[in-house]
Amino acid sequence: MATVELLFSAQPEHVRTARLVAAAVARRAGVDDAVLDEVRLAVGEACSRAVGLHRSNGVTTPVRVVLTEEEKTFSIEVGDEVPGAGVAAADAVGVPGAREAAPAEDFDDAGGEDEMGLAVIRGLVDDVEVSAGEDGGTIRMSWPANPDAALG
């Protein structure tokens, strides 16, 4: 199992770099070329979402992207450190620091963009898991891979 970990400051200009790295690692892992655009788009949405959450919540820690190549699967985890982020506000009830703990006017626009971003990711990726907790949220996405095809 090969793993690449990418940490970047929550700046929108770094999302493009994360997309490029994800596509390169996915190609090397044997993800079908026809799916690489979906990988790029999904990673871009997940990273943009994490950057937005960090910036709107004053979180200064880096956004984390972990790319893992397994025998038949390639997976990407994009993590943020915003408590309660990563699930719809209704699902985050009771999570300290969740969006509903903040004044509603702070998140009116962000909530719609957040839900839209998650919908786009779910439309692009068949295998996606979104989780949240006190330490932040994670979007885990995976695609079938054929490492032998990548070597050829």
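The structure under discussion appears in the preceding block.
Residues numbered from 1 in each chain as written. Predicted model: local features only at pLDDT ≥ 70, side-chain atom pairs only at ≥ 80, totals over all residues. Heavy atoms only, no water.

Right, let's get into the packing of helix α1 (residues 15-29) against helix α2 (residues 36-56). The interhelical angle for the contact between α1 and α2, taken along N-to-C directions, is 145°, at an axis separation of 9 Å. Along this stretch, α1 crosses α2, giving a crossing that reads as right-handed. Across from Val15, Ala18, Arg19, Ala22, Ala23, Ala26 and Arg27 in α1, the residues of α2 making contact are Leu36, Val39, Arg40, Val43, Gly44, Cys47, Ser48 and Val51. Each residue belonging to the contact of α1 with α2 can be placed in one class, and the counts come to 10 nonpolar, 2 polar and 3 charged. (Axes fitted to C-alpha atoms, helices over the stretch in contact; angles between N-to-C directions. Helix = DSSP H or I, 4+ residues; strand = E, 2+ residues; numbered from the N terminus. Left-handed = near helix turned anticlockwise from the far one by under 90°. Contact = heavy atoms within 4.5 Å. Nonpolar A, V, L, I, M, F, W, Y, C, P; charged D, E, K, R; others polar.)

Here we take up α2. For α2, with 21 residues, the first-to-last C-alpha span of 30 Å sits near the 30 Å given by 1.5 Å per residue. Glycine 58 occupies a position one or two residues after α2 and carries a positive phi of about 70°. (Expected span 1.5 Å × (residues − 1).)

On to the environment of glutamate 70, then. Relative to the helices and strands, glutamate 70 resides in the loop between β2 (63-69) and β3 (73-79). Spatially, the C-alpha atom of glutamate 70 lies 8.8 Å from that of threonine 3, the residues being 67 residues apart in sequence.

On to α1, then. The terminal C-alpha atoms of α1, which comprises 15 residues, lie 21 Å apart, in line with the 21 Å expected from a rise of 1.5 Å per residue. For α1, every residue scored as buried is listed here: Val15, Ala18, Ala22, Ala23, Val25, Ala26 and Ala29. Remark: glycine 30 follows α1 within two positions and exhibits a positive phi of approximately 100°. (Buried < 20%, exposed > 50% of the residue type's maximum accessible area, 1.4 Å probe, protein only.)

Attention shifts here to the side chain of glutamate 69. Its place among the elements puts glutamate 69 in strand β2. For glutamate 69, a relative accessible area of 15% corresponds to the buried category. In terms of polar contacts, glutamate 69 uses its side chain to reach the side chain of arginine 28, at 2.6 Å. (Polar contact = N/O pair within 3.5 Å; in protein donor to acceptor, adjacent residues only side chain to side chain.)

A full pass over the atoms with the stated rule returns 4 salt bridges. For glutamate 69, the salt bridge identified is with arginine 28, shortest N-O distance 2.6 Å. Of this pair, glutamate 69 sits in strand β2 while arginine 28 sits in helix α1; the two residues are 41 residues apart in sequence, bridging distant segments of the chain. (Salt bridge = Lys/Arg side-chain N within 4 Å of Asp/Glu carboxyl O.)

Of all hydrophobic cores here, the largest spans 32 residues; its most connected members are Phe74, Ile76, Val78, Met141 and Trp143. Where this core is concerned, the elements lending two or more residues are β1 (2-8), α1, α2, β2, β3, α3 (108-124) and β5 (136-144). Top element by residues in this core is α2. It accounts for 8 residues. The residues touching methionine 141, leaving out its near neighbours within four places in the chain, are Ala42, Val43, Ala46, Phe74, Ser75, Ile76, Val78, Ile121, Val125, Asp127 and Val128. (Core = buried A, V, L, I, M, F, W, Y, C linked by side-chain atoms within 4.5 Å.)

Before going further, it helps to spend a moment on a negative patch on the surface. A contiguous patch of negative charge on the surface is contributed by Glu38, Asp126, Asp127 and Glu129. With respect to the helices, strands and loops of the structure, aspartate 126 is situated in the loop between α3 and β4 (127-133). (Patch = residues over 30% accessible without salt bridge, like charges linked within 9 Å, V, L, I, M, F, W, Y side chains within 5 Å. Areas by Shrake-Rupley, 256 points an atom, 1.4 Å probe, with all protein chains shown as cover. Lys, Arg positive; Asp, Glu negative; His and termini not counted. Charge placed at Lys NZ, Arg CZ, Asp CG, Glu CD.)

Nothing here speaks to function; it is all geometry.
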